[in-house]
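# Architecture and fold: a report
Spelled out, the chains give:
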Amino acid sequence: MTGTVLITGPTRGLGRAAVLAMAGRPSSVRPDLLLLGRGLSAVAAEARALGARVEEVTADLSRLADVRSAATTVREMLDAGAVRPLRALVANAGVMSADTRRASADGYELTFAVNYLAHSQLIGDLVGSLTAPARVVLLGSNTYHANVWRRLLHVPEARWRDPLELARPATGEAAPGQAASGVAYSNAKLAILYYAHELQRQAGPGIAVSVFEPGWMPGTDLGRDAPAALRSIMRGVARLPGVSTPGKSGPALASLALDDRWAAARDGAFILKDKIIDVQPVAHDRNRERRLWAATTELLEHASTHS
Ligand SMILES: NC(=O)c1ccc[n+]([C@@H]2O[C@H](COP(=O)([O-])OP(=O)(O)OC[C@H]3O[C@@H](n4cnc5c(N)ncnc54)[C@H](OP(=O)(O)O)[C@@H]3O)[C@@H](O)[C@H]2O)c1
C-alpha cells in the first residue's frame, strides 16, 4: 500500500525503528511519512537520508490543544497535496508514568492521557481524512491481563473502572508507587482494545482497525522515569535472547501498516509481533466499549472548552 503513513512517537524505541523500516523500503513501496511528536528533526533527517519524503508535525501529546492543532496541520497538508493520500495512521506514542498523580496539561492522568486520550482525539479528527482502503494501527500490550510470567515479574493487569475515573490523577502526599503505575498502563492498554473495537464499528468498511503488540521490549525508554535500579535491570534483560527489541518489532509494525499480507486485519485484530492472536474475553465488552466511547467524547469536549 503506498500513500502516506502518519506515525506518532517516532523519535525513539519502536516508533523510530518502524519509521526507518518504512523509509528504507524500495521507492516503489515506500510511503511518504508524517511524523507527529516532539523533537522530530533527528529521526526526520535519518528517514530523509534513506530517501523518504518526510513532514514533521510537532505536538506534545500530553496537551490536547496541541493534538487538535496537529490534526488541523495534517488536514491542510493533505488538502494542499504536500504529501500523498493518508492511508495509515499508526498511534504508537506511549508512556508509563511512574507517578499516577501526574496530570496532562488538560488535568488527566498522564498515562491514560498520552496513550489513549491523545490518540482518540487525533484519530477522531483525522478519520475523515483517510483515503480508503486505509488502516488505523493502535498500540496494545498484553499486560492488560495477567499470566504466570507477568505475575512472577509483578506486572499488574488492568483493573477496569469507569473511564472518567481512569482519567482522574491520583491524589495524596506520597506517590502511589510502581504497582499503581503498572495498573494505569494496563488500563490504558485495555482502553485501547475497547476503543479499537468501537472505532471499527463507527469508522465503516473502508478503514481497518488493528492493534499491534510488539512483545516485551525492556530496553526502550517507556518506563524512563522508573527507579534507576529497575531501569538498569531492564537494560540487562533486554540483551537476553528471545526478548523483543525495536529492531525486531519495528519492521513488523511497518508491515502491519503497509503490507497486503495484513489487508484483512480489522475489527481490532490483535497482532502479537507477526501473528493474529485471540484476546482474552475481558477485552470484548460491548457495554464498556460504548461507555468508553461516550466518556471519551465527554473528556475531549471538556478539554476543548477549557483550554
Ligand atoms: N516497551 C515495551 O515492552 C512495549 C510492550 C508493548 C507495547 N508497547 C507500546 O509500544 C509503543 C512504543 O513504546 P516504546 O517501548 O518504543 O517506548 P519509548 O522508547 O519510550 O518511545 C515512546 C515514544 O512516544 C513518544 N511520546 C511519549 N510521550 C509523548 C508526548 N507527551 N508527546 C509526544 N510524544 C510522546 C516518545 O517521544 P519523546 O522522545 O518526545 O519522549 C517516543 O517517541 C507504546 O505505545 C508502548 O505502550 C511497548
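One structure accompanies this document, and this report is about it. Since the model is a prediction, treat every value here as computed from it, not as a measurement.

### Side note on the overall build of the chain
- Counting its secondary structure elements, the chain contains ten helices and eight strands.
- Oriented by its inertia axes, the alpha-carbon framework of the chain measures out at about 50 × 50 × 35 Å.
- The buried share among the 307 residues of the chain stands at 48%.

### Describing the pairing of strand β7 (residues 269-272)
- Bridge count for strand β6 (residues 207-213) against β7 is four bridges, and the pairing is parallel. Looking at the pairing, E213 lines up with L272 of β7.
- In the sheet, β7 pairs with strand β8 (residues 275-277) via three bridges, with the strands oriented antiparallel. Note that in β8 the partner of F270 across the bridge is I277.
- Between β7 and β8, which pair antiparallel in sequence order, lie two residues; one of them, K273, sits at a positive phi of approximately 55°.

### Remarks on the site of the ligand
- In the vicinity of the ligand there are 29 residues, among which G9, G13, L61, G94 and T220 approach most closely.
- When residues of the shell around the ligand are traced back to their parent elements, those giving at least two are α1 (13-23) and α4 (110-126).
- With three residues, α1 is the single largest residue contributor to the shell around the ligand.
- Partitioning the shell around the ligand into residue classes produces twelve nonpolar, twelve polar and five charged.

### Here's the deal with the sheet that holds strand β3 (residues 54-58)
- In space, the eight strands of this open sheet follow the order β3-β2-β1-β4-β5-β6-β7-β8, with mixed pairing throughout. Each edge of the open sheet carries a strand with a single partner, namely β3 and β8. In this sheet, neighbouring strand axes are inclined to one another by 25° on average, regardless of whether the strands run parallel or antiparallel.
- Of the strand pairs in this sheet, strand β1 (residues 4-8) and strand β4 (residues 86-91) are connected by four bridges, and their pairing is parallel. Within the sheet, the bridge partner assigned to T4 lies in β4 and is L86.

### Section: helix α9 (residues 246-258)
- Given a rise of 1.5 Å per residue, 13 residues ought to cover 18 Å, and the 18 Å separating the end C-alpha atoms of α9 matches this to within 8%.
- Of all the residues in α9, the buried ones are P246, S249, G250, A252, L253, A254, L256, A257 and L258.
- Contacts from the buried residues of α9 go to β1, α1, β4, β5 (130-139), β6 and β7.

### Here we look at the packing of α4 against helix α7 (residues 178-203)
- The N-to-C vectors of α4 and α7 enclose an angle of 20°; their axes lie 8 Å apart at closest approach. Relative to α7, the element α4 lies roughly parallel. Like other packed secondary-structure pairs, α4 and α7 cross with a definite hand, here right-handed. Between α4 and α7, the contacting residues are T111, F112, N115, Y116, S120 and I123 on the first element and A184, Y185, N187, A188, K189, A191, I192, Y195 and L199 on the second.

### Points about the nonpolar core
- Membership of the largest hydrophobic core comes to 94 residues, with the highest contact counts inside it found for A18, V19, L33, L35, L89, V90 and I192.
- Counting residues per element, this core draws most heavily on α7, which supplies twelve residues.
- Sequence-distant contacts of I192, defined by excluding residues within four places in its chain, comprise N115, Y116, L138, L139, G140 and V211.

### A look at α4
- For α4, which comprises 17 residues, the first-to-last C-alpha distance of 23 Å matches the rise-based estimate of 24 Å (1.5 Å per residue) to within 8%.
- Of all 17 residues that make up α4, 15 are buried, and the element is covered over most of its length.

### Brief notes about the environment of A252
- Mapped onto the fold, A252 is located in helix α9.
- Given 24 C-beta atoms within a 10 Å radius, A252 is considered buried.
- Between the C-alpha atoms of A252 and L14, which are 238 residues apart in sequence, the distance is 9.9 Å.
- In this view, A252 contacts K273 and D274; residues no more than four positions away in its chain are not counted.

Analysis parameters
Residues numbered from 1 in each chain as written. Predicted model: local features only at pLDDT ≥ 70, side-chain atom pairs only at ≥ 80, totals over all residues. Helix = DSSP H or I, 4+ residues; strand = E, 2+ residues; numbered from the N terminus. Buried ≥ 20, exposed ≤ 12 C-beta atoms within 10 Å, placed from the backbone. Pairing = 2+ DSSP bridges. Near = placed C-beta within 6 Å. Nonpolar A, V, L, I, M, F, W, Y, C, P; charged D, E, K, R; others polar. Axes fitted to C-alpha atoms, helices over the stretch in contact; angles between N-to-C directions. Expected span 1.5 Å × (residues − 1). Contact = placed C-beta atoms within 7 Å. Parallel < 35°, antiparallel > 145°, perpendicular 65-115°, else oblique. Left-handed = near helix turned anticlockwise from the far one by under 90°. Core = buried A, V, L, I, M, F, W, Y, C linked by C-beta atoms within 7 Å.

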